[in-house]
Amino acid sequence: MKYSTRCGSESAFANEQRGVVLFFALISLVAIMLAAVALIRSVDTGTVIAGNLAFKQAATTSGDAGTETAMAWIGVTQAANLAKNVLKDATHPLNITDATKGYYSNLDPALDLFADATWNAITAVPAAVDTSGNTVRYIVQRACRTANVAIQNAGCLFSGAALSSDGQEIPLPQDICEGAGCPVAGQSPMIRVTSKVTGPRNTVSYVQAFVY
């Protein structure tokens, strides 16, 4: 009889122990689930950051391509108008603003490079799409105070007199330029190129460079 009573007490105590174990097991399960969710969110955040860095690098590279294209356009325009002295002749295309080609003959502070209307005005130069899906457009601005006049009268910014060897100079005519606004031997007018890169996820990047 005593033996039976003792067994009943031990059985009740064991049942109570099993209930406590279940409680702690549930708490542990919840903690593991929260840790798993935190780990997944951490991995997702890392993936997004890595993707954004990749898009940024691709946009910067595409912006450099826009600068190279603009430089090529400047060279072609100058080569096609060698009969005109860009320093003295106001009718030279590089002395005349043409918004449809994205060219401005001065650094107009009123020109908003972040406005869509500024870029939508470019119709003669179609936007280029590279292999990364980036759409690239560029704007060329002559680094001068006054628009639509010859360089010698426009208050322009010139490069140093020393010639560089990296091929950035814009060849100038050999005609003598007279006046306070003329460059000295070896100098070239500075030109600012702004490239706008629109990414495949509607990201927008701007890259600027001065060429001469």
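Given the structure is predicted, the values throughout are model-derived calculations rather than measurements.

A. Fine view of the nonpolar core. By size, the foremost hydrophobic cluster in this structure holds 24 residues, and its most contacted members are Ile-74, Tyr-138, Val-140 and Val-193. Contributing elements (two or more residues each) for this core: α1 (2-79), β1 (103-104), β3 (135-142) and β4 (191-198). Among residues more than four places away in sequence, those in contact with Val-193 are Thr-67, Ala-70, Tyr-138, Ile-139, Val-140, Val-207, Gln-208, Ala-209 and Val-211.

B. Inspection of the pattern of salt bridges at higher detail. Scanning the model with the defined rule gives 1 salt bridge in all. Across the pair Asp-116 and Lys-196 runs a salt bridge whose closest N-O atoms are separated by 3.5 Å. With a gap of 80 residues between them, Asp-116 in helix α2 (residues 116-120) and Lys-196 in strand β4 connect regions that are remote in the sequence. Here Lys-196 falls in the buried class, since its relative accessible area comes to 12%.

C. Representation of the layout of surface pockets in the model. Looking at the largest pocket, its volume works out to about 190 Å³. Residue lining of the largest pocket: 13 residues in total, with Ala-65, Gly-66, Thr-69, Ala-128 and Val-136 positioned closest to the centre. Those elements that place two or more of their residues in the lining of the largest pocket are α1, β2 (128-129) and β3. The dominant element in the lining of the largest pocket, judged by the number of residues it contributes, is α1, at 5 residues. When the residues that make up the lining of the largest pocket are grouped by side-chain class, the tally is 7 nonpolar, 4 polar and 2 charged.

D. Main features of unusual backbone geometry. Of note, the phi angle at Asn-148 is positive, near 60°, even though the residue is not glycine. With respect to the helices, strands and loops of the structure, Asn-148 is situated in the loop between β3 and β4.

E. Just the packing of aromatic side chains, in detail. Under the criterion given, the structure shown has 3 aromatic pairs. With 6.4 Å between their ring centres and 45° between their planes, Trp-119 and Tyr-206 make a pair best called tilted. With Trp-119 in helix α2 and Tyr-206 in strand β5 (residues 204-211), this pair connects stretches of sequence that are 87 residues apart.

Conventions adopted
Residues numbered from 1 in each chain as written. Predicted model: local features only at pLDDT ≥ 70, side-chain atom pairs only at ≥ 80, totals over all residues. Heavy atoms only, no water. Core = buried A, V, L, I, M, F, W, Y, C linked by side-chain atoms within 4.5 Å. Buried < 20%, exposed > 50% of the residue type's maximum accessible area, 1.4 Å probe, protein only. Helix = DSSP H or I, 4+ residues; strand = E, 2+ residues; numbered from the N terminus. Contact = heavy atoms within 4.5 Å. Salt bridge = Lys/Arg side-chain N within 4 Å of Asp/Glu carboxyl O. 1 Å grid on protein atoms, 1.4 Å probe; cavity = no way out; pocket = protein on both sides within 12 Å on 5 of 7 lines; lining within 4 Å. Points joined across faces, edges and corners; volume = space filled by probe spheres on them. Nonpolar A, V, L, I, M, F, W, Y, C, P; charged D, E, K, R; others polar. Phe/Tyr/Trp six-rings, centres within 6.5 Å; stacked < 30°, edge-to-face > 60°.

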